[in-house]
Amino acid sequence: MAIVSIQKLNKTYPAFKLRDVSFEIEAGRITGFIGRNGAGKTTTIKSMLNLVHPDSGDIVYFGKKLSEHETEIKKHIGYSTGTVNWYPRKKLRDIIDIVKECYDTWDEAAYRKYLGLFALDENKTALELSEGMKVKCNLLIALSHNAEVLILDEPTSGLDPFSRDELLELFKELKRDGVAVFFSTHIISDIEKCADDIVYISKGEIVAAAPKAEFSARFSHEGESLEETFLRMERGEGND
């Protein structure tokens, strides 16, 4: 059963249009959202969080419309971008003390669990954290208020290969805990390594939304990698 349902999402800008975007996200699965820069990934994600107001369409979490239950729903979803900006000289524990007062769903046991899992040091300042650790801190906050859905916009962007692999392994761990992980990327190898499902957007429209194996069976030529498939389709060469 879908934990998130996006139906016929539309948003028009002077130079870009999101057209009838529809897909679903399931609990305990990793969904990779792929498309080239400018394809509509960030507009879709911001619409899913009501940071951008779509012209039409339905966004449903846990069977409830975001437009009618936004405050309640947002207690159970976490959002992160590839970049995080905090007070640079504040220690992590001081930042957390402030943040947790904002959530009546804060779970100290979950916080301690993920603090250890992510190998984060509460005594370090934001200035001392690597880019990968900053992303983990953002995830730590989301998971510590019992987020059931993580929506991540280019979370691996700017990370070194080791940090990227570490983050993808973390997604698999969260999946085992039943968390739905939805992340956008233009790095197709990240999708190949960890995604269960693929949502592919091009020029503001969903080309496909399917399990990874089904996507490959439908669109990939024999012996072709997912990245090669994506590049061929973006060139408009079709599937013949």
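Scroll up to find the structure this text is about.
Reading the values: rules and limits
Position numbers for residues count from 1 along each chain, tracking the sequence in the order it is written. Where local features are concerned, this predicted model is filtered to residues with pLDDT of at least 70; where side-chain atom pairs are given and counted, the filter is 80 or more; whole-chain, interface and lining totals use all residues. To obtain the side-chain values, all non-hydrogen atoms of the structure were included, while hydrogens and water were left out. Every axis corresponds to a line fitted to the C-alpha atoms, with the helix fit spanning only the stretch in contact, and the corresponding angles, defined between N-to-C directions, vary from 0 to 180 degrees. Secondary structure elements follow DSSP: runs of H or I no shorter than four residues count as helices, runs of E no shorter than two count as strands, and numbering proceeds from the N terminus. Convention used here: angles under 35 degrees read as roughly parallel, angles over 145 as roughly antiparallel, angles from 65 to 115 as roughly perpendicular, and any remaining angle as oblique. Left-handed describes a crossing whose near helix is turned anticlockwise from the far helix by less than a right angle; the clockwise case is right-handed. When checking whether two residues touch, look at their non-hydrogen atoms; a contact exists if any pair is within 4.5 Å. Aromatic pairing here means that ring centres of Phe, Tyr or Trp (its six-membered ring) are within 6.5 Å. Orientation follows from the plane angle: under 30 degrees is stacked, over 60 is edge-to-face, and everything else is tilted. Working definition: with a 1.4 Å probe on protein chains only, accessible area under 20% of the residue-type maximum means buried, over 50% means exposed, and in between means partly exposed. Strands are labelled as partners when DSSP assigns at least two bridges between them.

A. Highlighting the packing of helix α5 (residues 131–144) against helix α6 (residues 161–176). Running from N to C, α5 and α6 cross one another at 15 degrees; their axes reach a closest spacing of 12 Å. Taken as axis vectors, α5 and α6 run roughly parallel relative to one another. Crossing of α5 over α6 shows right-handed handedness. The residues of α6 that touch α5, namely those facing V135, K136, L139 and L143, are E166, L167, L170, F171 and L174.

B. Representation of the packing of aromatic side chains within the structure. This structure, assessed with the given rule, holds ten aromatic pairs. On the numbers, 5.8 Å between centres and 40 degrees between planes, the contact of F23 with F33 is tilted. Of this pair, F23 sits in strand β2 (residues 16–26) while F33 sits in strand β3 (residues 30–34), and the two are ten residues apart along the sequence. Overall, F23 belongs to the buried group, its relative accessible area being 4%. Judged by centre distance (5.2 Å) and plane angle (50 degrees), the ring pair of F171 and F183 falls under tilted. Here F171, found in helix α6, pairs with F183, found in strand β8 (residues 180–185); they are twelve residues apart in sequence, far enough to count as distant. Of the two residues, F171 and F183, both sit in the buried class. Grouped by ring-pair contacts, the aromatic residues Y200, F215, F219 and F230 constitute a single cluster.

C. Geometry of the sheet that holds strand β6 (residues 77–81). Reading across the sheet, the six strands line up as β6-β7-β8-β3-β9-β10 and stay open at both edges, with mixed pairing between neighbours. Pairing within the sheet leaves two strands with one partner each, and these edge strands are β6 and β10 (205–211). Each strand of the sheet is rotated relative to its neighbour by a mean of 15 degrees, with strand direction disregarded. Alignment of strand β7 (residues 149–153) against β8, held across five bridges, turns out to be parallel. Among the inter-strand pairings, V149 is bridged to a residue of β8, identified as A180. Here helix α8 (residues 212–219) sits on the sheet and contacts β9 (197–202) and β10; the angle it forms with β10, its principal contact strand, is near 120 degrees. Packed onto the sheet, helix α9 (residues 226–234) meets β3, β9 and β10 and runs at close to 25 degrees relative to β9.

Keep in mind that these numbers describe shape and distance, not what the molecule does.
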